[in-house]
Amino acid sequence: GEDVEQSLFLSVREGDSSVINCTYTDSSSTYLYWYKQEPGAGLQLLTYIFSNMDMKQDQRLTVLLNKKDKHLSLRIADTQTGDSAIYFCAEAYYGGSQGNLIFGKGTKLSVKP
Amino acid sequence: SAVISQKPSRDICQRGTSLTIQCQVDSQVTMMFWYRQQPGQSLTLIATANQGSEATYESGFVIDKFPISRPNLTFSTLTVSNMSPEDSSIYLCSAQPTWDQPQHFGDGTRLSIL
């Protein structure tokens, strides 16, 4: 079946850049997403990229997509303590229910002061 | 982007009872979905809530356990029936205005069953 994989933990120092990586299996995915979940909260859409793009930048966030390797990354520049959260990568999979999102297990980002 | 409100935000329920979770979107959307997030886990799609017809359930989820309503383009409910401790999870509603726009999520309902 379709699968999305991410490393479970990442720890960085405040002010450094964070890079969260994700691999996916469905080559027909049209959109790939990054969501953020803070403790006790729902999912906040951070950014997304269409599969015909290689890169998307939005303020401190840079998304890189390598479609050949099915690899997606999220770079957070100048990481702050408020960025501490769980980050979920998701692919839009249209093989099953329309718009079904397949989520990775999430990467817990810890930012040390 | 669509703003999604879920009620209740949390509840503690007795085994064997049922709870209905409401999801309200501030604008009309084509698609609404219900997900479950078990403790420390990722999200799993329960079903797609179809307006005016029966929901489409994913493998492992059935209508008798998770009945869903969607009476219009801005509102849906999920009922968790005959609850057991294994149903303790966060239940999240999402909305997608059109197929080429991203899904946005509510804050979730944190459900604990004693």
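Scroll up for the structure.
Turning to the sheet that holds strand β1 (residues 4-6) of chain A, a few remarks are in order. Residue and element names in this part refer to chain A. Taken in spatial order, the five strands of this open sheet run β1-β3-β8-β7-β6, and their pairing is antiparallel. In this open sheet, the two strands that pair with only one neighbour each are β1 and β6 (55-58). Mean inter-strand twist for the sheet, computed between neighbouring axes without regard to direction, equals 15°. The pairing of β6 with strand β7 (residues 61-66) spans four bridges and is classified as antiparallel. Bridge pairing in β7 links Q57 to T62.

Turning our eyes to something else, we now look at the environment of S76 of chain B. Residues and elements named next belong to chain B. Structurally, the position occupied by S76 is in strand β8 (residues 75-80). As for S76 and G60, which are separated by 16 residues in sequence, their C-alpha atoms are 21 Å apart. Dropping the residues within four chain positions of it, S76 is found in contact with I21, Q22, C23, M32, W34, A49, I68, S69 and R70. A polar contact is formed between the side chain of S76 and the side chain of W34, at a distance of 3.0 Å. A polar contact is formed between the side chain of S76 and the backbone oxygen of S69, at a distance of 2.8 Å.

Ranked by size, the top nonpolar core spans 26 residues in total, and within it W34 and L78 of chain B carry the most contacts. Sorting the residues of this core by element identifies β3 (19-25), β4 (31-37), β5 (43-49), β8, β9 (89-96) and β11 (109-113) of chain B as the ones contributing at least two each. A total of four residues in this core trace back to one element, the largest contributor, which is β3 of chain B. Membership of the second largest hydrophobic core comes to 21 residues, among which are L61, V63, C89 and V111 of chain A.

Moving on, we come to unusual backbone geometry. Note that the residue after K7 of chain B, namely P8 of chain B, is joined by a cis bond; omega there is -10°. Within the fold, P8 of chain B resides in the loop between β1 (4-7) and β2 (10-13). The phi dihedral of K70 of chain A is positive, around 55°, even though this residue is not glycine. By secondary structure assignment, the location of K70 of chain A is in the loop between β7 and β8 (71-76). Notably, D78 of chain A is not glycine yet its phi reads approximately 50°, a positive angle. Looking at where D78 of chain A falls in the secondary structure, it is placed in the loop between β8 and β9 (85-93).

Conventions we followed
Residues numbered from 1 in each chain as written. Chains lettered and ligands numbered in written order. Predicted model: local features only at pLDDT ≥ 70, side-chain atom pairs only at ≥ 80, totals over all residues. Heavy atoms only, no water. Pairing = 2+ DSSP bridges. Helix = DSSP H or I, 4+ residues; strand = E, 2+ residues; numbered from the N terminus. Axes fitted to C-alpha atoms, helices over the stretch in contact; angles between N-to-C directions. Contact = heavy atoms within 4.5 Å. Polar contact = N/O pair within 3.5 Å; in protein donor to acceptor, adjacent residues only side chain to side chain. Core = buried A, V, L, I, M, F, W, Y, C linked by side-chain atoms within 4.5 Å. Buried < 20%, exposed > 50% of the residue type's maximum accessible area, 1.4 Å probe, protein only.

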